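One-letter residues, chain by chain:
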There are 2 protein chains.
Amino acid sequence: MSDIKHKILALVKDDLEEIETALEENLNPYLDLVSKIAGHILFSGGKRLRPLLMVLSARICGYDGDYDKKFSTIFEYLHAATLLHDDLVDQATLRRGKPVAHSIWDNATTVLVGDFLLARALSIASETELPNVIRIVAEITENMSQGEIQQLMRKGSLDLTEKEYMEVIKRKTAVLFQGTCRVSALIAGAPKEKEVALSDYGFNLGIAFQMVDDLLDYTLDTGVLGKEVGADLKEGKLTLPVIYSLKAADAKDRAQMETIIKNRDFSVHVFKKLISLIKKCGGQKYTEKLAAEYVRNAKDALAVFNNSKTKDILLMIADYTLARNA
Amino acid sequence: MSDIKHKILALVKDDLEEIETALEENLNPYLDLVSKIAGHILFSGGKRLRPLLMVLSARICGYDGDYDKKFSTIFEYLHAATLLHDDLVDQATLRRGKPVAHSIWDNATTVLVGDFLLARALSIASETELPNVIRIVAEITENMSQGEIQQLMRKGSLDLTEKEYMEVIKRKTAVLFQGTCRVSALIAGAPKEKEVALSDYGFNLGIAFQMVDDLLDYTLDTGVLGKEVGADLKEGKLTLPVIYSLKAADAKDRAQMETIIKNRDFSVHVFKKLISLIKKCGGQKYTEKLAAEYVRNAKDALAVFNNSKTKDILLMIADYTLARNA
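Residues numbered from 1 in each chain as written. Chains lettered and ligands numbered in written order. Predicted model: local features only at pLDDT ≥ 70, side-chain atom pairs only at ≥ 80, totals over all residues.

Notes on the overall build of chain A
Reasoning step 1: Each helix and strand in chain A was counted, giving 17 helices and two strands.
Reasoning step 2: Relative to its length of 326 residues, chain A is compact, with a C-alpha radius of gyration of 20 Å against a globular reference of 20 Å.
Reasoning step 3: Projected onto the principal axes, the alpha-carbon positions of chain A cover approximately 60 × 45 × 35 Å.
Reasoning step 4: Here the analysis covers contacts within chain A between residues at least 6 apart in sequence; of these, 75% occur between residues at least 24 apart. (Helix = DSSP H or I, 4+ residues; strand = E, 2+ residues; numbered from the N terminus. Rg over C-alpha atoms; globule rule 2.2 N^0.38 Å. Contact = placed C-beta atoms within 7 Å.)

Written as structure tokens, this is what we have:
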């Protein structure tokens, strides 16, 4: 585990424990099976990054109510719902090192449990009694489903542009991070300036997070990553490291890369060849550089807040986004 | 078409046209494909019963705002979302005489478009700025997903009880009708008494509607029904006509029915034999009688309202529930 992760975890230990309890207490299913399947995805070693961002964002706005942990579950339930549906859509096999839900139960039940989690998130959002909050949560869901559909539509397309890629990761990842942080400001009754600052922080963090996530698919082995290496590409999902490399490569390298990508059933050996081409063509460096820029923007957005322990943690989380290796 | 349907349609013609427009205007997708798939299920000759109930319920409470049609889309979008997911779950082939969405596009996109419609419904609900309304809409979704899961868990079980059946149809159908009518009262700012009355009306109507729906599976031919006859049973879904008949039958008839039900790949000829057994054992009569009781309860619930054209239509809709043949 990286140093920075250690440091953050030590600082938010109590928060994480309370978030864990809230996630168990607010699921509230009528059927045991729902609790089992939802639990499989919810309690499988997720980082709890989204609920943590909500709790810290509320705190930096001076929130001192009793409901930050409860409302933080909105964003983890939403996240879990989309993971259940996305794993199905992507026909994934592993998630966090465990078999995906639809391989243990079945597609049908997994779809419906995803729906339940989605509805739970919105039910809890309605308990804020803040129409703006509820609208944001519903809009996150609209965006996420459309981001996934857009990705699906362009599956296997070698001509996917960086612009399209950015549009997809904005919708499927960044709006959730953005909404999480923004909703906290609203719940805390913070002034507009702070709401905008946290919204910007979350958005930029989300973009960087997804870029690094996409990069990890080209750097780690299955054991550390908890899912198949090269999984994105095997699903026909082109991400920034590849998109950039294909554009920057000379004719020979591009032809080699295209051959590997088109034949999705590549061996580990061939995949390693692709990784070295991505390094050679600058796709890795470019993605790292861009992610670092977004992290810088995220950190800059927090300038409106006075220095505090909470601000330090939010800054550290931004840095961690780049340093993380799982 | 039955006389009563004719009569209702003449009375609500303008409302239905405005609902149709609202359904088109409020879908608001970012991607054309979403509009196409959502449109396939949304504009395929649905009865618009749910949005119509919302508009009429609001009117009987004296609502004179401009948003009844817009808010009525909440319930049709929600309904369409669950149809997309349920057809997938049930591996259905036909819906309203047309191939189901997941057979034209694919499972993955269909799941995601369902998510989008669900989110759209909640987004529009948030525009009411009434936390209670939003909570009810979210709870409807929680109930519907769990009702479907419960049905799925008990698929093929010959020992399904009437009590379990009632629990399933309550969750998967009646809470939506109930919520539709109740939300209207809230939007109209009606007194508690009227909110409760409309809630009761909707709940009882929903139960009756589903019972008749389940009965239609044993009476109509594919052309009229728009889906495969005997589809419920082929999916292993036992409904009230069968549940009652299995319980009421003598040993010989029960054995015959069980044989037919267990072999899901029955011919039309064998299915007709089952229908005659259901008639003989009283399953059809019993279901009709019970549905009629719920319709009576629905109509009784409206007693708190003065006589009006709108009340007449709501009473007619209750009667239509029993008379309908598709």
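Details of the nonpolar core
Reasoning step 1: Residues Ala121(A), Val137(A), Ala208(A), Ala121(B), Val137(B) and Ala208(B) are the most contacted members of the largest nonpolar core, which totals 203 residues.
Reasoning step 2: Excluding anything up to four places from it in sequence, Val137(A) contacts Ile74(A), Ala121(A), Leu122(A), Ala125(A) and Gly179(A). (Core = buried A, V, L, I, M, F, W, Y, C linked by C-beta atoms within 7 Å. Buried ≥ 20, exposed ≤ 12 C-beta atoms within 10 Å, placed from the backbone.)

What about the interface of chain B and chain A?
Bring the parts together and some accessible area is lost; that lost area is often taken as the interface size.
Reasoning step 1: Contacts between the two partners involve 36 residues from chain B, matched on the other side by 35 residues from chain A.
Reasoning step 2: Of all the secondary-structure elements, those providing two or more residues to the side of chain B that touches chain A are helix 3 (32-42), helix 5 (68-89), helix 7 (107-126) and helix 8 (131-153) of chain B.
Reasoning step 3: Grouping the constituent residues of the side of chain B that touches chain A by class yields 21 nonpolar, eight polar and seven charged. (Nonpolar A, V, L, I, M, F, W, Y, C, P; charged D, E, K, R; others polar.)

Here we look at the confidence of the model for chain A
Reasoning step 1: This prediction gives chain A a mean pLDDT of 91; 96% of its residues lie at or above 70.
Reasoning step 2: Model confidence for the complex: the whole-complex pTM is 0.90, and ipTM, which rates the interface, is 0.87. (pLDDT = per-residue confidence, 0-100.)

Here's the deal with the relation of the copies chain B and chain A
Reasoning step 1: Superposing chain B onto chain A requires a rotation of 180° together with a translation of 0.0 Å along the rotation axis, leaving an RMSD of 0.0 Å. With respect to symmetry, the two chain copies, as superposed, fit the operation of a two-fold axis. Closest approach to the rotation axis within chain B is made by the C-alpha atom of Pro131(B), at a distance of 3.3 Å.
Reasoning step 2: Here 97% of the contact residues of chain B are again contact residues in chain A; the copies associate through an equivalent surface. (Least-squares fit on C-alpha atoms with pLDDT ≥ 70 in both.)

Considering helix 4 (residues 49-60) of chain A
Residues and elements named next belong to chain A.
Reasoning step 1: Look at helix 4: 16 Å from first C-alpha to last across 12 residues, which is about the 16 Å you get at 1.5 Å a residue.
Reasoning step 2: Most of helix 4 is tucked away: 12 of the 12 residues are buried.
Reasoning step 3: Listed as buried for helix 4 are Leu49, Arg50, Pro51, Leu52, Leu53, Met54, Val55, Leu56, Ser57, Ala58, Arg59 and Ile60.
Reasoning step 4: Summarising the contacts, the buried residues of helix 4 are in contact with helix 2 (13-25), helix 5 (68-89), helix 9 (162-187), helix 10 (192-216) and helix 17 (309-323).
Reasoning step 5: Among the residues trailing helix 4, Gly62 stands out with phi positive, at a value near 85°. (Expected span 1.5 Å × (residues − 1).)

Description of the environment of Leu314(B)
Residues and elements named next belong to chain B.
Reasoning step 1: The residue Leu314 is located in helix 17 (residues 309-323) in this model.
Reasoning step 2: Sequence spacing of Leu314 and Leu56 is 258 residues, and the spatial spacing of their C-alpha atoms is 7.2 Å.
Reasoning step 3: With residues up to four places along the chain from it excluded, the contact list for Leu314 reads Leu56, Ile60, Tyr201 and Leu302.

Regarding helix 7 (residues 107-126) of chain A
Reasoning step 1: For helix 7 of chain A, built from 20 residues, the straight-helix expectation of 28 Å at 1.5 Å per residue is met to within 8% by its first-to-last C-alpha distance of 29 Å.
Reasoning step 2: Burial analysis of helix 7 of chain A places 18 of its 20 residues in the buried class, which makes it a mostly covered element.

Things to note about the packing of helix 4 (residues 49-60) of chain B against helix 9 (residues 162-187) of chain B
Residues and elements named next belong to chain B.
Reasoning step 1: In the contact formed by helix 4 and helix 9, the axes pass within 8 Å of each other and the chain directions differ by 30°. Considering their axes alone, helix 4 and helix 9 lie roughly parallel with respect to each other. The handedness of the crossing between helix 4 and helix 9 is right-handed. Facing helix 4, whose interface residues are Arg50, Leu53, Met54, Ser57 and Ala58, helix 9 presents Leu176, Phe177, Thr180, Cys181, Val183, Ser184, Ala185 and Ile187.
Reasoning step 2: Residues belonging to the contact of helix 4 with helix 9 are distributed by class as follows: nine nonpolar, three polar and one charged. (Axes fitted to C-alpha atoms, helices over the stretch in contact; angles between N-to-C directions. Parallel < 35°, antiparallel > 145°, perpendicular 65-115°, else oblique. Left-handed = near helix turned anticlockwise from the far one by under 90°.)

Topic: the packing of helix 13 (residues 240-248) of chain B against helix 15 (residues 268-281) of chain B
If you want to describe how two helices pack, look at the angle between their axes and the distance between the axes.
Residue and element names in this part refer to chain B.
Reasoning step 1: At a minimum axis distance of 9 Å, the contact between helix 13 and helix 15 shows a crossing angle of 65°. In terms of axis orientation, helix 13 runs roughly perpendicular to helix 15. Judged by the twist between their axes, the crossing of helix 13 over helix 15 is left-handed. Contacts between helix 13 and helix 15 involve Pro241, Val242, Ser245 and Ala248 from the former and Leu277, Ile278 and Cys281 from the latter.
Reasoning step 2: Of the residues in the contact of helix 13 with helix 15, the class split is six nonpolar, one polar and no charged.

Concerning unusual backbone geometry
Reasoning step 1: Located in the positive-phi region is Arg48(A), a residue other than glycine, with phi close to 60°.
Reasoning step 2: Summarising the element assignment, Arg48(A) is placed in the loop between helix 3 (32-42) and helix 4.
Reasoning step 3: Look at Asn28(B): it is not a glycine, yet its phi comes out positive at around 55°.
Reasoning step 4: Within the secondary structure layout, Asn28(B) lies in the loop between helix 2 (13-25) and helix 3.

Regarding the environment of Asn263(A)
Reasoning step 1: Considering the arrangement of structural elements, one finds Asn263(A) in the loop between helix 14 (251-262) and helix 15 (268-280).
Reasoning step 2: Along the backbone, Asn263(A) and Gly236(A) are 27 residues apart, and their C-alpha atoms lie at a distance of 9.7 Å.

Here we look at the environment of Val175(A)
Residues and elements named next belong to chain A.
Reasoning step 1: One can find Val175 in helix 9.
Reasoning step 2: A count of 23 C-beta atoms within 10 Å places Val175 in the buried class.
Reasoning step 3: Between the C-alpha atoms of Val175 and Ile207, which are 32 residues apart in sequence, the distance is 8.9 Å.
Reasoning step 4: Those residues within four positions of Val175 in sequence are excluded, and the remaining contacts are Ile140, Asn143 and Lys170.

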